[in-house]
Amino acid sequence: MPLVHGSYFAVNLESDHIILHGAPEESAGVILRGSVVLNCNEATKIKSLTLKLEGKTKVNWTEGHGSHQRHYKHEKTIIEHTWTFMELRRKPHQLSEGRYKWDFELPLPGDLPGTVQHDLGQVYYRLKAVAERPAFSMNYVAKRNLTITRLMLPSSLEFSQSVVISNEWTGKISYNISIPRKVYSCGTSIPITFDLVPIAPGLSVRAIACHLKEYAVLSTQEHSRTEGRVIKTLRDARFSGRQDRWIRTEVLYVPSQENRRIQSDTCSDLIRIKHKLKFTVCLVNEDGHISELRAAVPIILASVAPEEDANELPAYEDAWKSLPYDPNTIAALISSGDLSASGFSRPSTQLFNDAGSTSGSSSSEDEGPAPWEGFDLTRVPSYSTALRTGRQHSFSGPSLPPYESLVSVTPAGNTVA
């Protein structure tokens, strides 16, 4: 964000969306990398410069009325780390005009809970850089939110095993309700197959209803509360007459996170988010009275869709993202049109009037070469490098050949895979 006299102070990250792979007990974690950037358009005095990472979970709600009303509140720190780039000293550091950049990195443990934004509780991660200035000068402050989500490993049974509810309502109906897998994500569809065989004579189906419900379990040291809400409903009443069997596949569409505040499944000390599919089959008996068959099955809503193959090696055109992060290069690519601005947005910072090493280096704003120039693109990145990139965005430049098309050409013109 531009500061007084045209200066610029920001926290840049390789990615502000961190994906942890695997369950908390098996995840190896990930490295958080980025830089703090200060552009000085004139000589500037800085007393100290620090960066703080803070992750917290907190809940806050009220129950009861009048004299019986009770307030429940609890907060817990998940992770905390501070970098000192300029030590606080009595005599301020003198920075001449130019651009200064301080790189940082931190291993994040694999058991961190995912980000949650609920009406009654939060799990959040935030970076805050502060350049403290002498008296009567405004401090420079830059903030950056960090989103953490968890992606299940491809070997997880939830990806491959179907979920089936099979039972019999004695003397009335035999039923089989199934979904192809247990894991879904926002913006995808859930096919639900109903196989209904009547046992009672004269029984017919009036309607089928499916509800996707989200449950938030909030906890303090002395009390807990469960909040449930329906986030999607489907009803099908296209049934006519009596039959020997009804087989119907209903498709329930999970709303996208952009349209509604839907949480992914997560578990922390104070907040747990889970989801269930609930089914209701409305039956009409021979004498005309109504019966309802009810069933439910737990599912997992993940932040990253399983079909996005986020665990696989990046596509060839994405391999450049494993190179060292450089905000100047990214800005140059965006301005030239070679990189979509939606892929890397300018960091959001805020300024307030509140109050390591000193190895910040000054550099120019030259665009520099493209990030892949000087590197052998025929070499596939390692699996650990691919995981580090996250594959959150795709390069929007000219299409490059896929891995399988990379071949060696013999002198005779024959191609060898």
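Residues numbered from 1 in each chain as written. Predicted model: local features only at pLDDT ≥ 70, side-chain atom pairs only at ≥ 80, totals over all residues. Heavy atoms only, no water.

1. Description of the overall build of the chain
- For the chain, the helix and strand inventory stands at three helices and 24 strands.
- In the chain, which comprises 417 residues, the proportion classed as buried is 44%.
- When the accessible surface of the chain is split by element, carbon and sulfur atoms take 47% of a total near 22000 Å². (Helix = DSSP H or I, 4+ residues; strand = E, 2+ residues; numbered from the N terminus. Buried < 20%, exposed > 50% of the residue type's maximum accessible area, 1.4 Å probe, protein only. Areas by Shrake-Rupley, 256 points an atom, 1.4 Å probe, with all protein chains shown as cover.)

2. Concerning the pattern of salt bridges
- This model, assessed by the stated rule, comprises 14 salt bridges.
- The closest approach of N and O atoms between Arg144 and Asp16, which form a salt bridge, is 3.4 Å. On the criterion of sequence distance, the pair formed by Arg144 in strand S11 (residues 140-151) and Asp16 in the loop between strand S1 (8-13) and strand S2 (17-21) is long-range, its members being 128 residues apart.
- Take Arg144: its relative accessible area is 10%, and that puts it in the buried class.
- Classification of Asp16 by relative accessible area gives partly exposed; the value is 31%.
- Among the ionic pairs, Glu80 bridges to Lys52, the shortest N-O distance being 3.1 Å. In this pair, Glu80 is assigned in strand S6 (residues 70-86) and Lys52 in strand S5 (residues 48-63), connecting sequence segments 28 residues apart.
- Note on Glu80: relative accessible area 47%, which makes it partly exposed.
- With relative accessibility at 33%, the residue Lys52 sits in the partly exposed group.
- A single network of salt bridges, built from pairs that share partners, joins Glu54, Lys56 and Glu75. (Salt bridge = Lys/Arg side-chain N within 4 Å of Asp/Glu carboxyl O.)

3. Looking at the side chain of Thr280
- Counting through the fold element by element, Thr280 comes out in strand S20 (residues 271-284).
- For Thr280, a relative accessible area of 12% puts it in the buried group.
- Contacts of Thr280, omitting those with residues within four sequence positions, involve Ala207, Ile208, Ala209, Glu292, Leu293 and Arg294. (Contact = heavy atoms within 4.5 Å.)

4. Remarks on the environment of Leu277
- In this fold, Leu277 is placed in strand S20.
- Distance from Leu277 to Lys213, taken between C-alpha atoms, is 6.4 Å for residues 64 residues apart in sequence.
- Not counting the four nearest positions on each side in its chain, Leu277 is found in contact with Ile179, Ile190, Ile192, His211, Leu212, Leu252, Ala295, Ala296, Val297 and Ile299.

5. Thoughts on the sheet that holds strand S13 (residues 173-179)
- In space, the four strands of this open sheet follow the order S12-S13-S15-S18, with antiparallel pairing throughout. Of all the strands in the sheet, the pair left with one neighbour each is strand S12 (163-169) and strand S18 (246-253). The mean inter-strand angle of the sheet, taken between neighbouring strand axes irrespective of direction, is 15°.
- Two strands pair when backbone bridges link them, and strand S15 (residues 189-198) and S18 are joined in this way by eight bridges, in the antiparallel orientation. The residue bridging Thr193 from the neighbouring strand is Thr249, located in S18. (Pairing = 2+ DSSP bridges. Axes fitted to C-alpha atoms, helices over the stretch in contact; angles between N-to-C directions.)

6. What about the pairing of S1?
- Across the six residues of S1, six count as buried, placing the element largely inside the fold.
- Neither face of S1 is open: one carries Tyr8, Ala10 and Asn12, the other Phe9, Val11 and Leu13, and all of them are buried.
- Two strands pair when backbone bridges link them, and S1 and strand S3 (residues 30-40) are joined in this way by six bridges, in the antiparallel orientation. For Phe9, the partnering residue across the bridge sits in S3 and is Leu38.

7. Thoughts on the packing of aromatic side chains
- Under the definition given, this model contains six aromatic pairs.
- With 5.0 Å between their ring centres and 50° between their planes, Trp83 and Phe104 make a pair best called tilted. Residue Trp83 is located in strand S6, and its partner Phe104 is located in strand S8 (residues 98-108); the two are separated by 21 residues in the primary sequence.
- Look at Trp83 and you get buried, because its relative accessible area is 10%.
- Ring-pair connections join several aromatic residues into one group, and the members of that group are Phe85, Tyr100 and Trp102.
- Over the face of the ring belonging to Trp169 we find Lys172, whose NZ or CZ atom lies 5.3 Å from the ring centre.
- The side chain of Lys276 reaches across the aromatic face of Tyr215, ending 5.9 Å from its centre. (Phe/Tyr/Trp six-rings, centres within 6.5 Å; stacked < 30°, edge-to-face > 60°. Lys NZ or Arg CZ within 6 Å of the ring centre and 35° of its normal.)

8. Concerning unusual backbone geometry
- The backbone phi angle of Phe136 is positive, close to 70°, even though this residue is not glycine.
- Examined against the element boundaries, Phe136 turns out to sit in the loop between strand S10 (121-132) and S11.

9. Re a positive patch on the surface
- Residues Arg272, Lys274, Lys276 and Lys278 make up a contiguous surface patch of positive charge.
- Residue position: Lys278 is located in strand S20.
- The class of Lys278 is partly exposed, set by a relative accessible area of 31%. (Patch = residues over 30% accessible without salt bridge, like charges linked within 9 Å, V, L, I, M, F, W, Y side chains within 5 Å. Lys, Arg positive; Asp, Glu negative; His and termini not counted. Charge placed at Lys NZ, Arg CZ, Asp CG, Glu CD.)

10. A look at the pairing of S3
- Of all the 11 residues making up S3, nine are buried; the element is thus mostly covered by neighbouring parts of the structure.
- As defined by bridge partners, S3 adjoins S8 across 11 bridges and the pair is classed as antiparallel. Within the sheet, the bridge partner assigned to Asn39 lies in S8 and is Arg99.

Treat this as a map of the structure, not an account of what it does.
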